[in-house]
Amino acid sequence: MGLKYYMGTCCGLLLILNFSSTVKAQGYYQDSLIKRTQMQSIGYDTQPAWKVTSAISTVKGDKLQKSFTSNLATTLYARLPGLTVSQQNTEPGLESPTLLGRGTGTFGTGRKPLIMVDGFESNFEQLVPAEIETISLLKDAAATAIYGSRGANGVLLVTSKRGKKQPLSVNFSAQGGFNEAASLPEFLNAYDYAKLNNEARVNDGKAPVYTADDLAAYQSGSDPYFHPNVNWYNEALRKRSPIANYNLNFSGGDNSVRYFGLLNIISNNSLLRKSGDMLENSSASNYKRYNFRTNVDVNLTKSLTGSLTLAGSVEDKTNPVGNNTLSLFQSLATIAPNAFPVRNPNGSYGGSSLRSNPLGDMLENGSYSSNGRTLQTTLRLTENLDVITKGLSLSGGISFNNFFKNYSIKSRQHERFSIVKNTAGDTVYTKYGQQTSLVGDESQSDQWRNFAIQGSINYNHTFDVHQVDAMVIVNSDSYTIKGEEHPFKHIALGGRFTYSNNEKYIGEFSFSYMGSENFPKANQFGFFPAVSLGWVTSAENFLKGNSTINYLKLKGSYGLVGNDNIGGDRFMFDQIYRYPAAYFFGTANTSSSSLEEGRLANPNITWEKDKKLNIGLEATLFNRLDLSFDVFRNNRYDILVTPRGTLPGFFGMDLPFLNQGKVENKGFELMLRYNNKPAPGEFEYFIEASAWYAKNKIVNLSEEIQQYGYQSRTGKAIDQPFGLEAVGFFKDAADITASPRQVFTTVVPGDIKYKDQNGDGVIDVSDNVAIGNTTQPELTIGVNPGFRYKGFDLEMLFQGVIGRSSYLSGLGYFAFQNNGKISAIAEGRWTPETAQSATYPRLSAQDNANNFVYSSFWQNKGDFIKLRSLELGYTCTHEYLKKVKINSARVFANGTNLFSWDKLEYGDPETAQGYVGYPSIRTVSFGVKLGF
């Protein structure tokens, strides 16, 4: 078990100013999970929390500011019960974590929740927490049925801040600090590399390459040119890189006009060395984004109100080696420390015929920059129709979202030289590559746009003890992506009808009748209904005045939703004929173009469907403890499959995609929050804990009949890994003779030994079996404690995940793969002397087909606990501040991704797959906040 404290040391204090009139000593206990009158975001509307009978979890934007990142999605770790956030790429400007609502519900390609920003589909990762009011995850059918064939994976509702009736409030903030790598691969130095390479070659029956003099030179460092010892990570990376965030927002309003405005600048510099400052042929690796927002609500007449949203961002990214850094990090993880020096004796770049020089690539190979622009505009008008009947209103909205990114590439090549000494002792240089001029390329770009129209009729009225809420909404949207010939279109009629009696009994019916252009006319539209019931039990006479149970609500829902992002080709109901190749006729072999029937069409293709059941409760106990608990079961069917279990492989044609797949997904969610209620000025604290569990099972995959039942994926989890089951190392020749024959290559003592699953005496692909877990956790836990005392406050967020596996593969773990490096994990290699304690197979200088085959040996428990955020601060509201028109002042220190407690000895369990890309990072920042 490895405990990694990612606290680091601070090399300096960057002063951060944050002028904020909203900074005030608000009691933690006021953030109760359950408030009867608190408005909760639901699909296209809001409701008082007591009336909500669906499964929804919500986080406020202020909470998200506790994590300092440049991607909004990475602030959601452990914040929303039911939402699984998985981070892979961590490079600034390219972070795009995977989001899953209530685990994985389909083995199809469309698994992500639908993202809605202020009521319209949009991207949200480029937004900043300062402009967010709330983010809510809609999870069950009652919450998502109104989204029809797009709601099966859940819906993430992002609501931006809007102005309120209050005096002008101006806020300015500036936050800064540094990033540093939380973990980097631990490769061995030149001496250990050479020593173990000799050992590997001897194991392969070959002569050693390095002499005793070579090893002595590597160990002493006496000959840095012909016996170099280069840590390429140290050459290409810096220890820390600066990050900064500047924010200006203002809000206010009166009875006629209410407004919220924001300007934000975030700068997140890469860990790469500032190569652009060293040579003009390169550029430093930086990412900057500029966000702006204007939300205005105007009372145009006594009954007509208008809302305007204008928001967007401009992002600039530069790199010295490519549009991303993956190729550079692969070089850093591949080039042996003794391959060549960084610079030769004459100052030229070291290199070889096989490898280029990573530092030379950064400094000489040009610059890669991109500029992205995102724009969201929404106009909504609402007419109050109380003159017809009280509580009736009519609303209409139009939205246009656009994203465009262009790339500017200025590339060139540079020379590199390998060196040797001739018999006379002179240095001989051999050149590889050519010195070329910069060549520009402005042809690459990405673009999408979304246009949507909405119209709705709303009714809300109370008759004595009866409350009626009704909404009918019409939606139409068109989503165009560069490279797609046809836009994606949807049109829908939806509604929600809620009845409550005496604020105790609640019933709701919601539906959507939605169509999509991607399906045949007979299947373009579908009906998606849901019902839910709620009972505020604490309002009954037998619980009124109960000092233990202050609030209790039971709820349940059932309904049908869909997922039209089914993968495969578009318009699969049309038979496609393609030009695969030329056919040759006659004695002259003259070629002629030919048509070939493509994959068989399916005239009945349709979307995935999901029957969702949810039962839950919400309660407040002892006036201090809030809890929420839900259990759910989802049955997804009509998932797209290739019917290998229905039609044989010798059918003679590409099999059509059919809607035959089924998946069951079930689990629970629990959230607890305890607050003490001290007198003013006394010690104040809260602790919030959440846990959510989701486990899926493939019910029908229409897979081919397996010779061995253990290889069937039906009944297993989605993405269940299959591989060989390792049972140790071969001890000696007798052990090899007595064991089943392994077909991948000739084995010797010290090679990995596998289990013969079918008992046929041969180890081959027929012995692949389900091993370990998927990379997605089954159980996620969040713990969020906070304290406040006399202006001092401390808040933390811990995240733990259980039931996932990490697979250790590639350059970071496989010794000498592709003539590459060797990492510290290989020090536990098998030798005759270490046979009883070895943790790594015998070394081989070749890519060992037996030892590096996919197997349980390279699988590791991927569970971990991480401190996702920590903030310590002091808030001052002294009277002398008001004399200079400052309402409050706050100083703080903030940390993100500070430490990890896991079972992975080398690397980060979140990004262990391959382990050679941009590293996971931790961030430390400091600041002062002032408000006026």
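Residues numbered from 1 in each chain as written. Predicted model: local features only at pLDDT ≥ 70, side-chain atom pairs only at ≥ 80, totals over all residues. Heavy atoms only, no water.

Asks: An account of the pairing of strand β16 (residues 304-319) is requested, with residue identities and associated values reported.
Replies: In this sheet, β16 lies alongside strand β15 (residues 286-299) in antiparallel orientation, the contact comprising 14 bridges. Note that in β16 the partner of K288 across the bridge is D316. Connecting β15 to the next strand, β16, in antiparallel fashion are 4 residues. Across 16 bridges, the pairing between β16 and strand β17 (residues 366-384) is antiparallel. Within β17, the position partnered with L308 by the bridge is L379. (Pairing = 2+ DSSP bridges. Helix = DSSP H or I, 4+ residues; strand = E, 2+ residues; numbered from the N terminus.)

Asks: Give a detailed account of the nonpolar core, specifying residues and quantitative values.
Replies: With 34 residues, the main nonpolar core has Y813, A815, F816, I822, Y840, L843 and W858 as its most contacted residues. Breaking this core down by element, the ones donating at least two residues are α3 (190-203), α4 (212-220) and β39 (752-754). When residues of this core are assigned to their parent elements, the largest contribution, 6 residues, is made by α3. Not counting the four nearest positions on each side in its chain, L843 is found in contact with L196, E199, A200, N203, A815, F816, I822, A826 and R829. Formed by 24 residues, the second largest nonpolar core is a distinct cluster that contains L271, I335, L359 and V916. (Core = buried A, V, L, I, M, F, W, Y, C linked by side-chain atoms within 4.5 Å. Buried < 20%, exposed > 50% of the residue type's maximum accessible area, 1.4 Å probe, protein only. Contact = heavy atoms within 4.5 Å.)

Asks: Give a detailed account of the packing of aromatic side chains, specifying residues and quantitative values.
Replies: What the rule picks out here adds up to 34 aromatic pairs. Ring geometry for Y807 versus Y854: centroids 4.0 Å apart, planes at 5 degrees, classification stacked. Residue Y807 is found in strand β44 (residues 805-807), and its partner Y854 is found in the loop between β44 and β45 (859-861); the two are separated by 47 residues along the sequence. Take Y854: its relative accessible area is 35%, and that puts it in the partly exposed class. Pairwise contacts between aromatic rings join F729, F814, Y840, F852, F857 and W858 into one cluster. The residue whose ring lies beneath K929 is F892, and the NZ or CZ to ring-centre distance is 5.0 Å. (Phe/Tyr/Trp six-rings, centres within 6.5 Å; stacked < 30°, edge-to-face > 60°. Lys NZ or Arg CZ within 6 Å of the ring centre and 35° of its normal.)

Asks: Let's hear about the environment of R102: which residues, and what values?
Replies: Among the secondary structure elements, R102 is positioned in the loop between β7 (98-101) and β8 (114-117). For R102, a relative accessible area of 4% puts it in the buried group. A C-alpha to C-alpha distance of 9.8 Å links R102 and P113, two positions 11 residues apart in sequence. In this structure R102 touches A55, G82, K139, D140, N614, D630, F632, N665, E669 and A694, once residues within four positions along its chain are discounted. A polar contact of 2.9 Å, which involves the side chain of R102, links it to the side chain of N614. (Polar contact = N/O pair within 3.5 Å; in protein donor to acceptor, adjacent residues only side chain to side chain.)

Asks: Can you explain the pairing of strand β18 (residues 392-411)? Please cite residues and give values.
Replies: By the bridge criterion, 19 bridges tie β17 to β18 in an arrangement that is antiparallel. Bridge assignment links L381 to a residue of β18, and that residue is G396. For β18 and strand β21 (residues 439-441), the ladder comprises 3 bridges, and the chain directions are antiparallel. Each residue of the ladder has a partner; that of I409, found in β21, is D441.

Asks: Just give me the short version of the sheet that holds strand β11 (residues 155-160), but keep the residues and values in it.
Replies: Spatially, 5 strands are ordered β5-β10-β11-β8-β9 in an open sheet, and the strand pairing comes out mixed. Looking at strand neighbours, the two that pair on one side only are β5 (56-60) and β9 (120-121), the edges of this open sheet.

Asks: Got a sec to walk through the side chain of T896? Specific residues and values, please.
Replies: Within the secondary structure, T896 sits in strand β47 (residues 888-896). Judged by relative accessible area, which is 8%, T896 ranks as buried. One polar contact links the side chain of T896 to the main-chain amide nitrogen of F68, over a distance of 2.9 Å. Excluding residues within four positions of it along the chain, T896 makes contact with K66, S67, F68, T69, R868, S869, R922 and T923.

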